[in-house]
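# A structural walkthrough
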Number of protein chains: 2
Amino acid sequence: MLPTLDEEQLRVLRRVGREWDRVSGDPGLWRRALPVDPDLGSYPAPGEIRPARFGRFVPITPPGGRPPAVEAAGEAEIPASLPGRVGYNVRRVVLGAPLKSTAIAHERMRKLVALPVLSADALSSVAYGPEAMLAILVLGGTAGLRYSPPVAATIVFLMLAVGVSYRQTIRAYPHGGGSYIVASDNLGRVPGLVAAAGLMTDYILTVAVSIASGIAAITSAVPSLVPDTVPIGGAVIAVLLAGNLRGVRQAGALFAAPTYAFIIAVFALVAVGLYDAAGRGFHPTPTPHLTATEGISVLLVLRAFASGSTAMTGIEAISNAVPAFTPVEWRNARTTLTWMVGLLIALFAGTIAMVQLDGVVPNTTETVLSQLAHRSFGTGLMYVFTQAATAAILLLAANTAYNDFPRVLFLLARDHHAPRIFLRLGDRLAFSNGIIVLSAAAAVVYVAFGGKTEPLIPLFAVGVFLAFTMSQAGMVVHWWRLRDRHWRKSLFFNATGGLLSAIVFITAGITKFTAGAWVAILAVALFILVTMRIRHHYARVAKAVALHPHAIEVPQQTLALRIGEQQAARAASQAGESEAEAEETPEEVQHLVVVPVAALDLAGMRALAYAASLQQPVLALHVSPDEDEAERFRAYWRLWGDHLPLEAILSPYRAIVVPLVNYIESLHRQRPDVTLTVILPEIVVRHWWHRVLHNHIAARLRRALRPLPKIVVTTVPFHV
Amino acid sequence: MLPTLDEEQLRVLRRVGREWDRVSGDPGLWRRALPVDPDLGSYPAPGEIRPARFGRFVPITPPGGRPPAVEAAGEAEIPASLPGRVGYNVRRVVLGAPLKSTAIAHERMRKLVALPVLSADALSSVAYGPEAMLAILVLGGTAGLRYSPPVAATIVFLMLAVGVSYRQTIRAYPHGGGSYIVASDNLGRVPGLVAAAGLMTDYILTVAVSIASGIAAITSAVPSLVPDTVPIGGAVIAVLLAGNLRGVRQAGALFAAPTYAFIIAVFALVAVGLYDAAGRGFHPTPTPHLTATEGISVLLVLRAFASGSTAMTGIEAISNAVPAFTPVEWRNARTTLTWMVGLLIALFAGTIAMVQLDGVVPNTTETVLSQLAHRSFGTGLMYVFTQAATAAILLLAANTAYNDFPRVLFLLARDHHAPRIFLRLGDRLAFSNGIIVLSAAAAVVYVAFGGKTEPLIPLFAVGVFLAFTMSQAGMVVHWWRLRDRHWRKSLFFNATGGLLSAIVFITAGITKFTAGAWVAILAVALFILVTMRIRHHYARVAKAVALHPHAIEVPQQTLALRIGEQQAARAASQAGESEAEAEETPEEVQHLVVVPVAALDLAGMRALAYAASLQQPVLALHVSPDEDEAERFRAYWRLWGDHLPLEAILSPYRAIVVPLVNYIESLHRQRPDVTLTVILPEIVVRHWWHRVLHNHIAARLRRALRPLPKIVVTTVPFHV
């Protein structure tokens, strides 16, 4: 949380501190005994009743002679206001008790646990990838479907190549090599951001597509649920949101079950299907005759290839999570990756083979996998098991994105490319803000596309393969720079994987450009623009708030020089510039206290008393619509004793805020070196619905004064 | 604007002032020479270029030896920020230049001008009143329509009675006797509010019904516009809003034309119709056979009577506007009222007679008046003239409500029954807030009812006759109390008018209860509840902010007593009470300055320098997630020189705002007599879209500290 100061800043800090020693005023005044005990330890005296709120802070004496501090007990997190308390309690019921930072635990996974947990995303893709491919080929009619085996074979080859590529990444990045890290490490800032954009699209769409596809698995079995697709999906996203805000740990066994169940179900389906097919001599069941709605063209085949490639989304998960393996981490991760790719190819190829043998054709009411399960298992227990396992693994895949998306945002925020709020761990140690953004984005995409898988596929393919390409390209540069043992082989594999990924990305981008890929490409461009601007802004702020040693020169100067400075400041201000807000010592702060007073009532009098008690020059302001009203106020002022200078501002058009602000700014322009403290009496009402009865001049003045330089705004509340 | 202080308050003010003379500190400190010239006169020196903004304030020296003041020139009203300037310019283009308070002019109207201007509302009611009556009777089929003459005759009698009643009101209230004034003067607060509720319903519905009816006049002539009824009505309301915010004066001739045109058109229509009827021996054209959808019952006839009574809405306008007549005001107003009632009866009776003779039946696509005009004039110029005049007078009637509604709100606000914003004259000298509220309410009603007249009639009748009843009842009490010459006669007339109005109100309320009148009755009840609560709130605030002479006792007390007081205050705070925020002299304010610091950067350092420069005890606070982070911050603090006391607050759950607020409150509870000044460094970004990149801790702390007593919040801005 606390930024580390570099050597230069430390040196400046020391020098600024030495200036404080030298200030001419009485430093004793602001170091004198405090009227309260900040450690809250000695008060109230023993035997007295401690008010409830004090129980919330525990005075602690750290070891090693460090000074005492107070620690906020759990109850000190509870807001005092009623709506605040209600919000707090709702959060506690939904999310559970807050967790201390020390509760972060690093679990290690055995290969047999890591395999199902980390491959859920990849393996579940088999539930929609083949179907997405067939849905394009079927546009070419029965003839189109004949291209299914060669396209599937190409995809299998792609899986192999990308799998081998990621084996190289695991070896090179044993601490986890996400696409953003690999690309920005090796290719630079912008390629890193391109990879991050691809990744984030990927994660959002993983959630949307997995949920859409999971619900399709359920509605295939229970068609009466079809009209409720969108609300069911919304509910699933809400559950994922709440579950991940709670910071659900990856409970091994629980998360392993759906993956193994899915693997078993698909293998059984293929085995039974093959047995049946063997019975009829492997003659494919003829497909019903399909009329082509499009001619068979290279474009159609390429589109089918790009869509079918979504069957390998999630293949990168293991390379992100290398440190989660038991030692030797990278070796175990590589072995697991190999198993996973093997399983993925087997499931994918098996599914495609069954589609060919059973003559299944995609339709809009039942998923291909469900049709295959019907052919193999009928409608009995095994069918229900298959559909349930499919839905479960897809839900698990969606959950995977909830781990990865906030982490990418965290990395971006760490590099100043994303708002700082994504750095923050919530009170359940989850990156709450990233989780909320992912849920919102996925929900918008899901609802906008009506909970359908098909129209999301083009966007999905573009995002995923963009990230793959950047990651593999980064690895190529990595090997080239490193040139250690085996670098040629590794470079060759990564180059192959990268090239193939690039081909899929370009194919998807071009062939599906009008079908939605343009949205993804536009989003990537916008993302890079915005993230670069964010970094620029943070850099500018960091430069502005850095201490600079200007204060060192001041005390040596004579009074004459100071006056000269003032004149220079005036000249600068007249030229439109304003004095920098750079006072670093109390001596540099010159005060004028300005008090706008509407009436000499208790609220106004209290603001005047507060202003006078600051022992600085005070100027009271009163806005009147005309001179007669001003004179009425002056009469009260004289009756009171005329203790402070008063300036009447006549506002013939009856406005209050803008003339006051402009007047205060003109005071600032007279003496840009003086810090103006504007003291605003403000009536604070007990209930929000009383606010409409008061004029909020104080709040409006505060807002209007905010952009002005060197104007400090002090609100003196008056509670009624 | 400035409340007048009573004798008691003046006495207290003098005594508080004398305490300021006695304060033990150096009053010279806060009365010493100001670093700026508040009159802006001597700066910049002659010959120097005056920055643009200074030109916006004119130093003025009032006559009679009064002290100088500055007057905001027109440009001083222009906000400095870009959105502010854009808003200002848009307002100026739409509304025109701002007007000084001295620009208020009181026009006097001759009777021939007053008649059309003030009777537009009443006479235009003929465009929808008869139709509303017929629309109910037609439910009883052809037989139902036969009840039209007797019901109409009763309404004519009602018009006469109410007219005579208002003649009495004009004599008794020559300065204008709106229902609210008459009822609250004579019957008390709640009946006055009842009348105001009725009036305000009346005015909102006048706008909605007049516009709906005016557009019906247009769509009767041009049926192709029917689908656009709602958008056209919205546009008309927008024009009325803008026109009235501009403060359009009642330009006699312009506003007289539509009324005279309407009178001429209807008289011509009746004359031509009678001539035609005479040609066929006054035999009524037979109506087409109508099937009854309801049996003819007393209830049906009563409902028709209540609906038809809306033909006399607006009859009270002249009694509100007596001071606008040329002298002798009340006599001229009475004469004009008599003419108006005569015209109203003539137009109403003529219309009903023509309906009978022409056998016209209300239908949903064409207004009754348009049907009559077709019969009399065919489709030529005279027909178009009739429809145009009808639309114009209805628009004028809607505009009348824009004069009256804000005035009722002003009177309510003056009596503390409505929010203070309704007291305020906008920069065009119009009661802008009331105008905006009326437009919004009318637009909501208009759109909710789809721009149809018919369903609005029950609500309308309830509101209007409620106001009439309260007003007449007030007059009865008035005469009874006064008992001057002729009081018996006046009392009799008002009693008759009141009784009849009450009968219509009750009839409308009961017979149309389920048709919408319950909304109006509920709204009235809610209105009275809310306005009474508002008065209660303002009374409580006024009591709270009144000066009270507690300060007088303090200086005579010994230090020992002061300490005793502190202990008492502590005890009180432990018992859950908090010290009153009632300091009236600087001496009573005891300071502790608290500075939450996140980092020792320039923004934080500036806040610390500002805090120390106030020459009061300072306590710096730093929130850390754990002790190690706290120690890192302390190391920087020591490097800087440890100039101020620092307290580290450990927040193991990583929250910042709530623990800080609770800690500050626990400081307050230790010493409820000390005023805590919390100084918040705040980064102010240049563009609103940069705000998402910063964490707004300062704004959130400010909001959370607002409800706490005796905590002053100071924002030290740092502009990046």
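Residues numbered from 1 in each chain as written. Chains lettered and ligands numbered in written order. Predicted model: local features only at pLDDT ≥ 70, side-chain atom pairs only at ≥ 80, totals over all residues. Heavy atoms only, no water.

### A short note on the overall build of chain A
Heads up, the condition is: Helix and strand assignments come from DSSP, with helices taken as H or I runs of at least 4 residues and strands as E runs of at least 2, each series counted from the N terminus. For a compact globule the rule gives 2.2 Å times the number of residues to the power 0.38, and the radius of gyration it is set against comes from C-alpha atoms. For every residue, the accessible area obtained with a 1.4 Å probe (protein chains only) is divided by the maximum for its type, and the residue is called buried under 20%, exposed over 50%, and partly exposed between those limits. Contacts: residue pairs with any heavy atoms within 4.5 Å of one another. Computed by Shrake-Rupley with a 1.4 Å probe, the accessible areas treat only the displayed protein chains as cover when residues are assessed. Charge convention: Lys and Arg are scored as positive, Asp and Glu as negative, and His as well as the terminal groups of each chain are ignored. Lysine's charge is taken at NZ, arginine's at CZ, aspartate's at CG and glutamate's at CD.
A tally of regular secondary structure across chain A gives 25 helices and seven strands. Relative to a compact globule of 720 residues, whose C-alpha radius of gyration would be 27 Å, chain A shows 34 Å and is clearly more extended. Overall size of chain A, expressed as C-alpha extent along the three principal axes, is 115 × 65 × 60 Å. Out of the 720 residues belonging to chain A, those deemed buried represent 56%. The contacts of chain A with a sequence gap of at least 6 include a subset with a gap of at least 24, amounting to 77%. Within the structure as shown, chain A displays about 28,900 Å² of accessible surface, and the carbon and sulfur contribution to it stands at 65%. Across chain A, the centroid of the 61 positively charged side chains sits 8 Å from that of the 49 negatively charged ones.

### Considering the packing of aromatic side chains
For clarity, the cut-off: A pair of aromatic rings is counted whenever rings of Phe, Tyr or Trp (Trp by its six-membered ring) have centres within 6.5 Å, and the orientation is called stacked for planes under 30 degrees apart, edge-to-face for over 60 and tilted otherwise. Whether a charge sits over a ring comes down to the Lys NZ or Arg CZ being within 6 Å of the ring centre and within 35 degrees of the ring normal.
Within this structure, the stated rule accounts for 20 aromatic pairs over all chains. Note on Trp20 of chain A and Trp640 of chain B: the rings are 4.9 Å apart at their centroids and 75° apart in plane angle, and the pair reads as edge-to-face. On the criterion of chain membership, the pair formed by Trp20 of chain A in helix α1 (residues 7-22) and Trp640 of chain B in helix α23 (residues 627-640) is interchain, its members lying in two chains. Trp640 of chain B shares its class with Trp20 of chain A; the two are buried. Among the aromatic side chains, those forming a connected cluster through ring pairs are Trp20 of chain A together with Phe633, Trp637 and Trp640 of chain B. The aromatic ring of Tyr88 of chain B is capped on one face by Arg92 of chain B, whose charged end is 5.0 Å from the ring centroid.

### Regarding the environment of Val658 of chain A
Tracing the sequence through the fold places Val658 of chain A in helix α24 (residues 657-670). C-alpha separation for the pair Val658 of chain A and Lys543 of chain A, spaced 115 residues apart in sequence, amounts to 32 Å. In this structure, Val658 of chain A is in contact with Ala76, Glu77, Ile78 and Pro79 of chain B, ignoring residues within four places of it in sequence.

### A few points about the interface of chain A and chain B
Basically, it comes down to this: A simple way to read buried area is as the amount of 1.4 Å-probe accessible surface that goes missing from two parts once joined, with both sides added. Every case where a carboxyl oxygen of Asp or Glu lies within 4 Å of a side-chain nitrogen of Lys or Arg is listed as a salt bridge. Here a polar contact is recorded for every N or O atom pair within 3.5 Å, except that within protein the pair must consist of a potential hydrogen donor and a potential acceptor, and residues adjacent in sequence are included only if both atoms are side-chain atoms. Gly counts as polar in this scheme, as do all residues outside two lists: the nonpolar Ala, Val, Leu, Ile, Met, Phe, Trp, Tyr, Cys and Pro, and the charged Asp, Glu, Lys and Arg. Each pair of strands is called paired provided DSSP finds at least two bridges between the two strands.
Of the residues lining the interface, 168 residues belong to chain A; the matching set on chain B comes to 168 residues. Buried area between chain A and chain B, both sides added, is near 15,200 Å², and the carbon and sulfur share of it is 60%. Counting every contact that joins chain A to chain B gives eight salt bridges. The partner of Arg66 of chain A in a salt bridge is Asp628 of chain B, with the nearest N and O atoms 3.4 Å apart. In this structure, the connection of chain A to chain B is made through 51 residue pairs in polar contact (both at pLDDT 80 or more). Sort the elements by how many residues they give to the side of chain A that touches chain B and helix α23 (residues 627-640) of chain A lands first, with 10 residues. Residues belonging to the side of chain A that touches chain B are distributed by class as follows: 97 nonpolar, 26 polar and 45 charged. Summarising the sheet, strand β7 (residues 711-719) of chain A and strand β7 (residues 711-719) of chain B pair through three bridges and their orientation is antiparallel. Considered in β7 of chain B, the bridge of Thr715 of chain A is made with Val713 of chain B.

### A short note on the pairing of β7 of chain A
Residue and element names in this part refer to chain A. Just so we agree on the cut-off: Seen with its strands pointing away from the viewer, a crossover is right-handed if its path from the first strand over the helix to the second goes clockwise.
Counting buried positions over the nine residues of β7 gives eight, a clear majority of the element. Summarising the sheet, strand β6 (residues 674-684) and β7 pair through nine bridges and their orientation is parallel. Along β7, the bridge assignment pairs Leu680 with Thr715. A crossover links β6 with its parallel partner β7, the connecting element being helix α25 (residues 697-705), and its sense is right-handed.

### Remarks on a nonpolar patch on the surface
All names here are of chain A. To keep it simple, the criterion reads: Only residues whose relative accessible area exceeds 30% and that form no salt bridge are eligible for patches; like-charged ones are grouped when within 9 Å, while nonpolar side chains (Val, Leu, Ile, Met, Phe, Trp, Tyr) are grouped when within 5 Å.
Taken together, Leu82, Val86, Val90, Val93 and Val94 make up a surface patch of nonpolar side chains, about 460 Å² in accessible area. When you line up the elements, Val86 lands in helix α3 (residues 82-95). Val86 gets classed as partly exposed once you look at its relative accessible area, which sits at 46%.

### As for the relation of the copies chain A and chain B
Here two copies of a chain appear, and what relates them is a rotation about an axis with a shift along it. Put simply, the rule reads: In this comparison the copies share one frame, found by least squares on the C-alpha atoms of residues holding pLDDT of at least 70 in both.
Relative to chain B, chain A is turned by 180° and slid 0.1 Å along the rotation axis, the superposed coordinates differing by an RMSD of 0.2 Å. Expressed as an axis order, the relation between the two copies is that of a two-fold axis. Distance from the rotation axis, computed per C-alpha, reaches its smallest value in chain A at Thr714 of chain A: 2.0 Å. Looking at the interface residues of chain A, 100% of them are also at the interface in chain B, so both copies use one shared face.

### Digging into the packing of helix α9 (residues 189-221) of chain A against helix α16 (residues 381-414) of chain A
Residues and elements named next belong to chain A. The criterion, for reference: Inter-axis angles, ranging from 0 to 180 degrees, are taken between N-to-C directions of lines fitted to C-alpha atoms, where helices are fitted over the stretch in contact. In these notes the angle categories are as follows: under 35 degrees is roughly parallel, over 145 is roughly antiparallel, 65 to 115 is roughly perpendicular, and the rest is oblique. By the definition used in this description, the sense in which the near helix is turned from the far one sets the handedness, with an anticlockwise turn below a right angle giving left-handed and a clockwise turn giving right-handed.
For the pair α9 and α16, the least separation of the axes is 8 Å and the interaxial angle reads 160°. Between α9 and α16, the crossing angle belongs to the class labelled roughly antiparallel. Considering the relative orientation of α9 and α16, their crossing is left-handed.

### Some remarks on the nonpolar core
Put simply, the test is: Throughout this description, the term nonpolar core refers to a set of buried Ala, Val, Leu, Ile, Met, Phe, Trp, Tyr and Cys residues connected via side-chain atoms within 4.5 Å.
Counting residues in each nonpolar core, the largest one holds 135 residues, and the members touching the most others are Met133, Ile211, Met312, Ile315, Phe348 and Leu412 of chain A. At 16 residues, the largest contribution of residues to this core is made by α9 of chain A. Ignoring sequence-local partners within four residues, the contact set of Phe348 of chain A consists of Val126, Pro130, Ala152, Ile155, Val156, Met159 and Ala311 of chain A. With 129 residues, the next largest nonpolar core counts Val156, Leu300, Met354 and Val360 of chain B among its residues.

### What about the domain arrangement of chain A?
The line we're drawing: Domain delimitation follows an automatic or database domain assignment.
As far as domains go, chain A holds domain 1 (110-537), domain 2 (547-584) and domain 3 (589-719). Between domain 1 of chain A and domain 2 of chain A, the C-alpha centre-to-centre distance is 61 Å.

### Points about the pattern of salt bridges
Under the criterion given, the structure shown has 34 salt bridges over all chains. Here Asp415 of chain B makes a salt bridge to Arg414 of chain B, at a shortest N to O gap of 3.6 Å. On the basis of relative accessibility, which here comes to 45%, the residue Arg414 of chain B falls in the partly exposed class. Glu631 of chain B is the salt-bridge partner of Arg638 of chain B, the closest N and O atoms lying 2.8 Å from each other. Take Glu631 of chain B: its relative accessible area is 15%, and that puts it in the buried class. Through salt bridges with shared partners, a single network forms among Arg66 of chain A together with Glu627, Asp628, Glu631, Arg634 and Arg638 of chain B.

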